[in-house]
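Descriptive structure summary
What follows is the residue order along each chain.
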Amino acid sequence: MVSLSILDIEELAEGCDIEAKEASGKDGKGELPKSFFESYSAMANTYGGVIFLGIEEKPKGKFNATGIVIPERVLKNLWDGLNNRQRVSVNLLTDKMVELIDIQGKQVLRIQVPRAKRSQRPVYVAQNPITGTYRRNHEGDYHCDEETVKRMLAEQVEEVRDARLLENYGFDDIDQNTLKIYRNHFKATKPDHPWLDLDDKEFLRSIGGWVQDRENGSEGLTLAGLLMFGKLPSILEVVPNYVVDYQDHPEQMTDTRWVDRVTTDGTWSGNLYDFYRQVIQKLFSDLKVPFKLQGTKRVDETPVHEALREALINTIIHADYTGRLAIQITKQSDMFLFRNPGTMRLPLEDALQGGNSDCRNRKLQKMFQLVGVGEQAGSGIPRIYRNWKRQHWRVPVLLDQVEPDQTILGMLMVNLLPEETLQGLDERFGSSFRELSYDQRLALATVAIEGKVTHARLKSMTTTHPHDLTKALCALVRDSFLESAGATRGTFYFFPGEPPESEAELVAQTPILGKQTNADNLFSELRPNESSSDDLESSSDDSESNSDNLESSSDDLESNSDDLESSSDDLELSSDALEVLKAIAAPVRNKGKVSTDIMEATILKLCKERFLNNKQLQELLDRSYHTLRLGYLSKMQKKGQLELRYPDKPTHPNQGYRTKN
């Protein structure tokens, strides 16, 4: 019998989904809890987890071993229930997944519940999937609504979601210009291909955009063909919640403002191929391309280009177009965020390892590959991580999130241990910082950059064993480098006296395997607020009714852009004022390292009698956003040294700072 301690259980709870049940029964000797199969269903339908029977879970993530006097009785009830189709729909457990362990001299059952395969979901209690399906949300089990269950059932039976025939949809629903451009790209990619001689109908049939039902003779567009080449009103008739949205934010985004946007507003075709063509150019527009020759031909792309293209294609081809969320791509000066509706069909670990593929929209995938876009099945995510690693940037954040179902990929262009961050930590902690282990320094650097660190986020950036990471974090708390808050999987760590005040202060606070974390927290500074998603959905409804509403929404977008520009007019500096400020900033700008006192004194001089925003300060001082915002401006404002231009809107995109008199 394996022996564990309560400390082992509490450490496990930080990186794993755990449910503890007392299981003592009426006579106090052991009984399978009535709620066991609800937790079993919830874990199986989400990400798997561990259920302990014979342990009482107390507040703040503490556990107490109560033990099971007669474990054989509980085991019999467990296996009888798992193999009874009137009790639960499927048995996912093997003998190795159920073991009796010793905790403080008491017998406890440890049950490892795996994540159910797509073909096995939904796992439900009793005989009705609509009323008996559960999923895991943070620390609780909840009933799935009927729409979610039906989506699981569709995923179970449909290997490919975009291949179905759309009866009565034909060439009148196709944007002919989009199809023409695609055929030109196909010709450029495959100049000798026999499909070039086919008419449009047979060409569409060959690439998967047109199909015939051999039983009744009907034929027409596939869902993939309509999504790829269709007109927006026709797409919305079939997929009412369809929205694609690209936003470019010049600064750390804390509002719904943007400087460039592409969305389904009626000013363009609205289909996926045109969306890809526009967005890929915008993603590439500010990348620095080194001059490189391959033989006598110039190579204009870098691994970063390749990673961004793969991220965009993955977002499009893996989306669940029956979901209610928009496809959303967000760009910022040092970060990219990709979101698509629908959870991943493969476990995160398998996706990161590569080699396996379970694409939701294989017809779309094929269409992009035929014009040279997209890698082979199962290689996309590893390629993104590999190319990002080559730049020595922080590990991307990949999140598979339920309720609402979505997949999010965040790619931050910040060095894993930036020298400016290390300098700030040296100034904060002195020589003791350099004496810490690499993992501990990595944890502190993550807090400096991202506002906080979690066990799972740290795990995503290192190969160290999770148990050792837990000890490293606990030691940082013990030695007053960090403080902690939250419990079990929700535990997070931050600098003493500086807890994250709001989601808008954090750049990346969701771990790569943070299955229980709310996706709305991920890269929250870059994402539109909650109303943005609602606006997108309502714009979809308007679009479905008529294209006039779409055109009017375009006008609204333009007026918003005007508002943004006008709000920043009075922050512009004259050439004379700029020269004066550059002279004041010179002692900092011309040096790689300066003390905290010198930096703060310089900021106070620059902001005397004027408001300066973060971008202006970055240029004057030659420091990164994260160094200024998290290292100085926020702290100086809290200490009363600086005042805000918009005190009632601390997350205003044009927030300015002025020295207090």
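Every value quoted in this text rests on a predicted model; they were computed, and no experiment measured them.

1. A few points about the sheet that holds strand β12 (residues 244-248)
- Sheet architecture is open: six strands sit in the order β13-β12-β16-β17-β19-β18, paired in mixed fashion. Each edge of the open sheet is held by one strand with a lone partner, namely β13 (260-263) and β18 (397-401). Ignoring strand direction, the axes of neighbouring strands in this sheet form an average angle of 5 degrees.
- Sheet topology places β12 next to strand β16 (residues 327-332); five bridges connect them, and they run parallel. The residue bridging Asp245 from the neighbouring strand is Gln328, located in β16.
- Contacting β12, β13, β16 and β17 (335-341), helix α10 (residues 272-284) crosses the sheet at an angle of about 15 degrees to β12.
- Along the sheet, helix α14 (residues 380-390) contacts β17, β18 and β19 (406-412); its crossing angle with β19, the most-contacted strand, is approximately 20 degrees.

2. Section: the environment of Arg135
- The topology assignment puts Arg135 in strand β8 (residues 134-137).
- Measuring from C-alpha to C-alpha, the distance between Arg135 and Ala44 comes to 7.8 Å, with 91 residues separating the pair along the chain.
- Within the structure, the side chain of Arg135 is placed 2.7 Å from the side chain of Asp405, a separation counted as a polar contact.

3. Some remarks on the packing of aromatic side chains
- Inspection of every chain in the model, using the stated rule, returns 17 aromatic pairs.
- On the numbers, 5.3 Å between centres and 80 degrees between planes, the contact of Phe186 with Phe203 is edge-to-face. Taken together, the residues span a long stretch of sequence, with Phe186 in helix α6 (residues 176-189) and Phe203 in helix α7 (residues 200-207) at a distance of 17 residues. With respect to burial, Phe186 and Phe203 carry one shared label: buried.
- Ring geometry for Tyr276 against Phe368: centres 5.5 Å apart, planes inclined by 65 degrees, an arrangement best described as edge-to-face. Here the residue Tyr276 occupies a position in helix α10, and Phe368 occupies one in helix α13 (residues 362-370), the gap between them amounting to 92 residues. You'll find Tyr276 and Phe368 in the same group, each marked buried.
- These aromatic residues form a ring-pair network of at least three members: Tyr182, Phe186, Trp195, Phe203, Phe229, Tyr273, Tyr276 and Phe368.
- Looking at Arg183, its charged tip hangs above the ring of Phe203, at a distance of 4.2 Å from the centre.

4. So, the sheet that holds strand β1 (residues 2-4)
- Reading across from one edge, β1-β6-β7-β3-β2 is the order of the five strands in this open sheet, with mixed pairing throughout. Looking along the sheet, the strands with just one partner apiece sit at the ends: β1 and β2 (18-21). Neighbour-to-neighbour, the strand axes of this sheet turn through a mean angle of 30 degrees, independent of strand direction.
- Helix α3 (residues 71-82) contacts β3 (49-53), β6 (98-103) and β7 (106-113) of the sheet and is inclined by roughly 20 degrees relative to β7.

5. A closer look at the confidence of the model for the protein
- For the protein, the mean per-residue pLDDT works out to 82, and 83% of the residues sit at or above 70.
- Confidence, read as mean pLDDT per element, is least for helix α20 (residues 547-568) in the protein (36) and greatest for helix α8 (residues 223-229) (98).
- In the predicted structure, residues 502-570 sits below a pLDDT of 50 and forms 150 contacts with residues beyond four places in sequence or in another chain.

6. Topic: the packing of helix α11 (residues 303-317) against α14
- It is the contact of α11 with α14, at a shortest axis distance of 9 Å, that shows an interaxial angle of 150 degrees. Comparing the axis directions of α11 and α14 gives the class roughly antiparallel. Of the two elements, α11 crosses α14, and the hand of that crossing is left-handed. On α14, the residues touching Pro303, Val304, Glu306, Ala307, Leu308, Glu310, Ala311 and Asn314 of α11 are Gly380, Ile381, Arg383, Ile384, Asn387, Trp388 and Arg390.
- Residue classes in the contact of α11 with α14 are distributed as eight nonpolar, three polar and four charged.

7. Some thoughts on the pairing of strand β5 (residues 62-65)
- Burial of the side chains of β5 is restricted to one face: Phe63 and Ala65 are buried, whereas none of Lys62 and Asn64 on the reverse face is.
- As paired elements, strand β4 (residues 55-58) and β5 share four bridges and run antiparallel to each other. Looking at β5, one finds that Lys58 is bridged to Lys62.

8. Topic: the pattern of salt bridges
- What the rule picks out here adds up to 40 salt bridges.
- The salt bridge partner of Asp141 is Arg136, with a shortest N-O separation of 2.4 Å.
- The class of Asp141 is partly exposed, set by a relative accessible area of 28%.
- For Arg136, a relative accessible area of 4% corresponds to the buried category.
- Between Arg362 and Asp358 there is a salt bridge, and its shortest N-O distance comes to 3.7 Å.
- For Asp358, a relative accessible area of 13% puts it in the buried group.

9. Some points on helix α15 (residues 419-429)
- Within the sequence span of α15, burial applies to Thr421, Leu422, Gln423, Leu425 and Phe429.
- Backbone geometry just downstream of α15 places Gly430 in the positive-phi region, at approximately 75 degrees.

10. Some details on the environment of Gly424
- Considering the arrangement of structural elements, one finds Gly424 in helix α15.
- Through-space distance from the C-alpha of Gly424 to that of Val594 is 9.5 Å; in sequence the pair is 170 residues apart.

11. So, helix α18 (residues 466-478)
- When the terminal C-alpha atoms of α18 are compared, their 18 Å separation across 13 residues agrees well with the 18 Å that a helix rising 1.5 Å per residue should span.
- Leu469, Thr470, Ala472, Leu473, Ala475 and Leu476 are the residues of α18 that are buried.
- A positive backbone phi angle near 70 degrees is found at Ser480, which sits one or two residues after α18.

12. With respect to the environment of Gly208
- On the secondary structure map, Gly208 appears in the loop between α7 and β10 (210-212).
- When the C-alpha atoms of Gly208 and Ala224 are compared, they prove to be 7.3 Å apart, with 16 residues separating the residues in sequence.
- Not counting chain neighbours up to four residues away, the residues in contact with Gly208 comprise Thr222, Ala224, Lys363 and Met367.

13. Some points on the side chain of Thr46
- Of note, Thr46 is situated in the loop between α2 (36-45) and β3.
- Here Thr46 falls in the buried class, since its relative accessible area comes to 4%.
- Among the polar contacts listed, one links the side chain of Thr46 to the backbone oxygen of Ala42, at a separation of 2.6 Å.

Reading the values: the criteria
Residues numbered from 1 in each chain as written. Predicted model: local features only at pLDDT ≥ 70, side-chain atom pairs only at ≥ 80, totals over all residues. Heavy atoms only, no water. Pairing = 2+ DSSP bridges. Helix = DSSP H or I, 4+ residues; strand = E, 2+ residues; numbered from the N terminus. Axes fitted to C-alpha atoms, helices over the stretch in contact; angles between N-to-C directions. Contact = heavy atoms within 4.5 Å. Polar contact = N/O pair within 3.5 Å; in protein donor to acceptor, adjacent residues only side chain to side chain. Phe/Tyr/Trp six-rings, centres within 6.5 Å; stacked < 30°, edge-to-face > 60°. Buried < 20%, exposed > 50% of the residue type's maximum accessible area, 1.4 Å probe, protein only. Lys NZ or Arg CZ within 6 Å of the ring centre and 35° of its normal. pLDDT = per-residue confidence, 0-100. Parallel < 35°, antiparallel > 145°, perpendicular 65-115°, else oblique. Left-handed = near helix turned anticlockwise from the far one by under 90°. Nonpolar A, V, L, I, M, F, W, Y, C, P; charged D, E, K, R; others polar. Salt bridge = Lys/Arg side-chain N within 4 Å of Asp/Glu carboxyl O. Expected span 1.5 Å × (residues − 1).

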